[in-house]
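Here's the letter readout for the chains.
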Amino acid sequence: MSAGTAERSVDPRRYFEAVERDRSEIAGVDPVCLYLETTNRCNLPCTTCPRTFEELEPAANMSWDLFRSIVDQYPNIARVVLHGVGEPLMVPNLPRMIRHLKARGTYVLFNTNGTLLNERRGRDLIASGLDELRVSLDAADAHAFKAVRGKDAFDRIVEHVRAFRALQRSLAAEKPRVSLWLTGLKETTATHGILFDASGATEPGTSLQRAEEARPWSLCTRPWTLMYFTAHGRALPCCIAPFSMRGYDAFTLGDATQQSLREIWNGEQYRAFRHNLLGDSPPVSCANCGLRWSL
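A. Quick peek at helix H1 (residues 64–71). All of the buried residues in H1 are Trp-64, Leu-66, Phe-67, Ile-70 and Val-71. Projected onto a plane normal to the axis of H1, the buried residues spread over an arc of 165° and lie on a single side.

The following block contains the structure:
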């Protein structure tokens, strides 16, 4: 992979493998993945989400102009994830965004809580060419769902997913690939032959073992493989950062409304963040991250 070029042969489902373990504060290649917070608005008061308890940024959908200004700087980006701390199905421009990305061959996915997945939206997603639709269910029954998600919507979501899969079969549509995602809480643990995946796409058993590495945070490759932008264009190190501490100021790495992505990617703030991640004193947002467990 040459400097300044995102390698299109990267497996978009294992994008984190696109960087060598031997890293420095300067990223030698462009990011291979973009996380775009298409909205920071949501219709559920989840107990596990920071936006339930504070306004991280003013409520907004990412504008079409900001979306275009970001993705068009990396026309060969391998993978784009269209979610952040909000519910993407609340965004009117979402199918248009997906079509724009699919026209250049990008692998596109997002997580949804499923409450708004009606037939019209389902047809729009299928027609857009979306690769993956991840439904964050976070429970195996209605009681646990209400405890975690704050609303009694479990049965409605299950019915929406069932109806969407029926719609796919009626249209002989293989995409998007539909999967259910659950937070690893004691209230939602299940052992019924379900295939689990973990952060970084490793298996859960490995993730739950303390790494022998003296600086386990240094194993994270996200600041060398991806860029995350909020609905207002603020650059953050990853999708986990908003959950790590209150406010964004301590780990803001740039502003897409004021800088080019390449200026941000190897700018002073990003370089300092990577330097600290590789050292003995990790960035505050990473010190207690779940990735301190082995990848």
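Having seen the model, we can carry on.
B. Region of interest: the side chain of Thr-115. By the secondary structure assignment, Thr-115 is in the loop between strand S3 (107–112) and helix H3 (119–128). For Thr-115, a relative accessible area of 4% translates into the label buried. A polar contact is formed between the side chain of Thr-115 and the side chain of Asn-113, at a distance of 2.7 Å. Not counting the four nearest positions on each side in its chain, Thr-115 is found in contact with Asn-43, Leu-44, Ala-153, Arg-156, Ile-157 and His-160.

C. Region of interest: the packing of H1 against helix H2 (residues 94–102). It is the contact of H1 with H2, at a shortest axis distance of 11 Å, that shows an interaxial angle of 20°. Considering their axes alone, H1 and H2 lie roughly parallel with respect to each other. The two elements H1 and H2 cross, and the hand of that crossing is right-handed. For the pair formed by H1 and H2, the contact residues are Trp-64, Phe-67, Arg-68 and Val-71 on the first element and Arg-96, Met-97, His-100 and Leu-101 on the second. Here the residues of the contact of H1 with H2 are counted per class, giving five nonpolar, one polar and two charged.

D. Representation of the pattern of salt bridges within the structure. Counted under the stated rule, the structure contains 14 salt bridges. Here Arg-262 ties to Asp-30 by a salt bridge, and the two come within 2.8 Å at their closest N and O atoms. Here the residue Arg-262 occupies a position in helix H8 (residues 261–265), and Asp-30 occupies one in the segment before strand S1 (33–36), the gap between them amounting to 232 residues. Residues participating in the shared-partner salt-bridge network are Glu-57, Arg-234 and Asp-249.

E. Main features of the sheet that holds strand S6 (residues 226–229). Ordered in space as S5-S4-S3-S2-S1-S6-S7-S8, the eight strands form an open sheet in which the pairing is mixed. Two strands lie at the open edges of the sheet, namely strand S5 (177–181) and strand S8 (254–255), each paired on one side alone. With four bridges connecting them, S1 and S6 associate as parallel partners. Paired with Cys-33 across the strands is Leu-226, a residue of S6. The strands touched by helix H5 (residues 154–171) within the sheet are strand S4 (132–136) and S5, with S5 carrying the most contacts at an inclination of about 165°.

Cut-offs and rules
Residues numbered from 1 in each chain as written. Predicted model: local features only at pLDDT ≥ 70, side-chain atom pairs only at ≥ 80, totals over all residues. Heavy atoms only, no water. Buried < 20%, exposed > 50% of the residue type's maximum accessible area, 1.4 Å probe, protein only. Helix = DSSP H or I, 4+ residues; strand = E, 2+ residues; numbered from the N terminus. Arc of directions from axis to C-beta. Polar contact = N/O pair within 3.5 Å; in protein donor to acceptor, adjacent residues only side chain to side chain. Contact = heavy atoms within 4.5 Å. Axes fitted to C-alpha atoms, helices over the stretch in contact; angles between N-to-C directions. Parallel < 35°, antiparallel > 145°, perpendicular 65-115°, else oblique. Left-handed = near helix turned anticlockwise from the far one by under 90°. Nonpolar A, V, L, I, M, F, W, Y, C, P; charged D, E, K, R; others polar. Salt bridge = Lys/Arg side-chain N within 4 Å of Asp/Glu carboxyl O. Pairing = 2+ DSSP bridges.

Everything listed is a geometric property; what it means functionally is a separate question.
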